[in-house]
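Close look at the chain arrangement
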Amino acid sequence: MTESQNTFRSGYVALIGEPNVGKSTLLNSLLKQKISIVTNKPQTTRHKILGILNGSDHQIVFLDTPGIIKPKYLLQEMMMHFASSAVADADVVLLLVDAEKVKDKTYDKNNEAIEKIKAANKTTFLVINKIDLLKKQELLPMLADLQSLFPFDEIIPISALTNFNTNELVSTLLKYIPVNPPYFDTEIVSDAQERFFVSEMIREIIFEQYEQEIPYSTTVDITEFKERELGKYYIAADIVLERNSQKGILIGKEGRALKRLGSFARKSIETFLGHAVFLDLHVKVREDWRGNQNWLDRFGYKKEE
Ligand SMILES: Nc1nc2c(ncn2[C@@H]2O[C@H](COP(=O)(O)OP(=O)(O)O)[C@@H](O)[C@H]2O)c(=O)[nH]1
Ligand SMILES: [Mg+2]
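Residues numbered from 1 in each chain as written. Chains lettered and ligands numbered in written order. Predicted model: local features only at pLDDT ≥ 70, side-chain atom pairs only at ≥ 80, totals over all residues. Heavy atoms only, no water.

Observations regarding the pattern of salt bridges
Counted by the stated rule, this structure contains 14 salt bridges. Where R256 meets E254, a salt bridge forms, and the shortest distance between an N and an O atom there is 3.1 Å. Taking relative accessible area as the criterion, E254 reaches 72% and is therefore assigned exposed. (Salt bridge = Lys/Arg side-chain N within 4 Å of Asp/Glu carboxyl O. Buried < 20%, exposed > 50% of the residue type's maximum accessible area, 1.4 Å probe, protein only.)

Remarks on the domain arrangement of the protein chain
For the protein chain, the domain assignment lists domain 1 (3-176) and domain 2 (194-298). Between the C-alpha centres of domain 1 and domain 2 the distance comes to 28 Å. Between domain 1 and domain 2, the residue contacts involve 16 residues of the former and 20 residues of the latter. Taken together, both faces of the contact between domain 1 and domain 2 bury some 1600 Å²; the carbon and sulfur share is 57%. It is I37, K41 and R46 that lose the most area in domain 1 upon contact with domain 2, and together they represent 36% of the buried surface on that side. Our count for the domain 1 to domain 2 interface comes out at one salt bridge. Across the pair E204 and K34 runs a salt bridge whose closest N-O atoms are separated by 2.9 Å. (Domains from an automatic or database assignment. Contact = heavy atoms within 4.5 Å. Buried area = accessible area lost by both parts, 1.4 Å probe.)

Some details on unusual backbone geometry
Located in the positive-phi region is K32, a residue other than glycine, with phi close to 50 degrees. On the secondary structure map, K32 appears in the loop between α2 (23-31) and β2 (49-54). Taking relative accessible area as the criterion, K32 reaches 71% and is therefore assigned exposed. Of note, the phi angle at N165 is positive, near 70 degrees, even though the residue is not glycine. Structurally, N165 can be placed in the loop between β6 (154-157) and α7 (166-176). By relative accessible area, which is 19% here, N165 ends up buried. (Helix = DSSP H or I, 4+ residues; strand = E, 2+ residues; numbered from the N terminus.)

Pasting the structure below:
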């Protein structure tokens, strides 16, 4: 064994917390690359998303998860399964909280995420995010308040948005991550396929463009992905809705809303793939798919073996 093999550290870190605390923003900021979609609406992330941070002497595998909630339908149950399985896999769990909510005392200390870390009993950091929204003197009283929640191994205030203290977060993590050879090829940032990222990018635009229940009732199924050496890549996707009545809203007057969606999604996919794309979108209705195990399997919301 060489010196570096003796000291190389590698491990799994789960990002958990309530919806909208900034888990996906933190993952993207740590990886300096957008691999998990971010919106200002809760429950955007539906899977366990794996992001790999490679350093000369370490590899940290981050698991971004859906925000912890009480599930109301089957899709949400699957989402909570992904969050639990991330915690089970983790060497270190990062519980993210929203600093502003703690300051305003709108943070519910009996939330499901706290329950989850209590049950898991792993090395756990409390990560207080969004401190860019706070004045310095507001932080100290907050810390005392949060310390009583759980015997955290570390408490680290950060801003995922401005990158404040995120390097410190990584160096502190490395103290707890075991000496281990890398789990993944050190050249890659994720194990997911391009297809998955492409469907997530379309979903992201849907979250931005539509209101109320539409984003939550929608999933995106990539049906064809043809990389052509000459000319544009051909990507066909089904935008799947729950009810016929949602079709009109998605498509819009004279197809304008769908056109707009297609144009924004295409641009973001082209930036990601670094190649021109012909994006062919189709709208489908799969009655009540969020509550149907067969459809959930078909659309990739599957428990891993
Ligand atoms: N001001 C501020 N906003 C943030 C920060 N981190 C995330 N956000 C915003 O919070 C919202 C939710 O972020 P997201 O990463 O999707 O949260 P998630 O649901 O926990 O994955 C988005 O509008 C982000 O831009 C931060 O450090 N500061
Ligand atoms: Mg997220």
